[in-house]
Amino acid sequence: MIHVENLTKSFKIYKKQPGLVGAVKGLFSNESIIKTAVNNMSFHINKGEIVGYIGSNGAGKSTTIKMMTGILTPTSGKCTVDGLIPYENRQKNAKNIGVVFGQRTQLWWDLPLTETFSILKDIYEVPDDKFKSRMKFLNDVLELSSFTQGTVRTLSLGQRMRADLAAALIHNPKVIYLDEPTVGLDVVVKENIRKAIKEINSEFKTTIILTTHDMSDIEELSDRVIIINNGEKIYDDKLKTLRQNYGYMRTIQIEVKNEQDAKKINVAKNFNLDEEQAKTWIEGQSLFISFNSTVIDAPTILSYVMSKIPISDMTIKEMQIEDIIKKIYRNDGDNISEEVS
Ligand SMILES: Nc1ncnc2c1ncn2[C@@H]1O[C@H](COP(=O)(O)OP(=O)(O)OP(=O)(O)O)[C@@H](O)[C@H]1O
Ligand SMILES: [Mg+2]
């Protein structure tokens, strides 16, 4: 469905000098540097896949997506989406794809949602009956009905994101690009959006590229992850393999009533594990346990802790994307950057 081959995008950035005089000078100077945002990127994505496209801030994720949607033209290399070259066939390609940029709404601020949807219906030339059944489906999975009458301006962030997703899906596109669709949302709305994405994928075999900084999105939605760093692909494989190769660490933070008590806890020792697999430490009133979730699970650890000491609260944190990238670099190159064809 999506073929990306040696795709590269470089930006020319003009150097600015400090201060107002510098800014004015900068307008006339030719001093510039080249920033390569995406460097020689290649991958293939099959119909119906949900792929997590992840990396640190500035890694080049959005730039890749902008080339795949046709917003940007690559400096070199090529990509095709359902047989079309997006930046050469922008209009045709637009009918095949849906895009959500979580950081920025694509809706019209002053229009009620219902009107926005009917304008999009016309733009995408969706027939009446298809539109009707589509809206019903979207209303059901995204629970839109309580706020479709108000203008976009009045929507909460969570409502707006669901509306954005619906707007991107009206024409039942073959491919959807979700660039941080859960950014800034609370847990309940995140869950609702993830459920909707899963349902759309399983019902219509929609191909989904998902960019996020939240590993829980990836855990719940994608089987495959592509990790990029400095514009280059450093990992492309099953999420399961990522966990196996790089020891997928989770951290439990437990609020204890008494710090002295917390000193009794040592997960590695109790379960006879390596310190690398389960580390225990104390910071103030909190007991931290970082553990490899392929070796031991959270309920086992919690029941051990609770059998020893009273606790007042606890949270579980997923490993951060930055931690995974560090781990990939620390391991030798054998597992890195395998091509999937
Ligand atoms: N139009 C542009 N002109 C100049 N540089 C740009 C432009 N767009 C992106 N860049 C640069 O390219 C790099 C990659 O940016 P990109 O937005 O693709 O990153 P990202 O992975 O989406 O990051 P984030 O997680 O912060 O959204 C960054 O260094 C950014 O500053
Ligand atoms: Mg981005």
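The coordinates are above.
Residues numbered from 1 in each chain as written. Chains lettered and ligands numbered in written order. Predicted model: local features only at pLDDT ≥ 70, side-chain atom pairs only at ≥ 80, totals over all residues. Heavy atoms only, no water.

Participant: Tell me about unusual backbone geometry, residues and numbers included.
Facilitator: Positive phi values are uncommon outside glycine, yet Lys205 reaches one of about 55°. Among the secondary structure elements, Lys205 is positioned in the loop between α7 (187-204) and β7 (207-211). Unusually for a residue other than glycine, Asn272 sits at a positive phi of about 60°. Position of Asn272 relative to the elements: it lies in the loop between α11 (267-271) and β11 (278-283). Taking relative accessible area as the criterion, Asn272 reaches 72% and is therefore assigned exposed. (Helix = DSSP H or I, 4+ residues; strand = E, 2+ residues; numbered from the N terminus. Buried < 20%, exposed > 50% of the residue type's maximum accessible area, 1.4 Å probe, protein only.)

Participant: How would you explain the site of ligand 1 if you had to name every residue and give the values?
Facilitator: As a matter of local geometry, ligand 1 sits amid 13 residues, with Gly58, Lys61, Ser62, Thr63 and His213 nearest to it. Lys61 is positioned such that a nitrogen or oxygen atom in its side chain is 2.7 Å from an oxygen atom of ligand 1. A distance of 2.8 Å separates an oxygen atom of ligand 1 from a polar atom in the side chain of Ser62. Compared with its free state, where it exposes 640 Å², ligand 1 has 65% of that area covered by protein. At the level of elements, β2 (32-45) and α2 (61-69) are the ones that each hand at least two residues to the shell around ligand 1. The element best represented in the shell around ligand 1 is α2, accounting for 3 residues. (Near = heavy atom within 4 Å. Polar contact = N/O pair within 3.5 Å; in protein donor to acceptor, adjacent residues only side chain to side chain. Areas by Shrake-Rupley, 256 points an atom, 1.4 Å probe, with all protein chains shown as cover.)

Participant: Which residues make up the pairing of strand β3 (residues 50-54), and what are the values?
Facilitator: When you tally the buried positions in β3, you get 5 out of 5 residues, the bulk of the element. Burial along β3 is two-sided: the residues Ile50, Gly52 and Ile54 and Val51 and Tyr53 are all buried. Taken together, the 3 bridges between β3 and β7 define a ladder with parallel strand orientation. Looking at β7, one finds that Val51 is bridged to Ile209. Note that β3 and strand β8 (residues 224-229) share 4 bridges and pair parallel. Each bridged residue has a counterpart across the sheet, and for Val51 the counterpart in β8 is Arg224. (Pairing = 2+ DSSP bridges.)

Participant: A description of the sheet that holds strand β10 (residues 249-256) should follow, citing residues and the corresponding values.
Facilitator: Paired through their backbone hydrogen bonds, the strands of a sheet run either parallel or antiparallel. If you walk across this open sheet you meet the 4 strands as β11-β12-β10-β13, and the pairing is antiparallel. Bordering the open sheet on either side are β11 and β13 (311-317), each of which pairs with just one other strand. When the angles between neighbouring strand axes are averaged without regard to direction, this sheet yields 20°. Two strands pair when backbone bridges link them, and β10 and strand β12 (residues 286-292) are joined in this way by 7 bridges, in the antiparallel orientation. Following the sheet pairing, Arg250 is matched in β12 by Phe291. (Axes fitted to C-alpha atoms, helices over the stretch in contact; angles between N-to-C directions.)

Everything listed is a geometric property; what it means functionally is a separate question.
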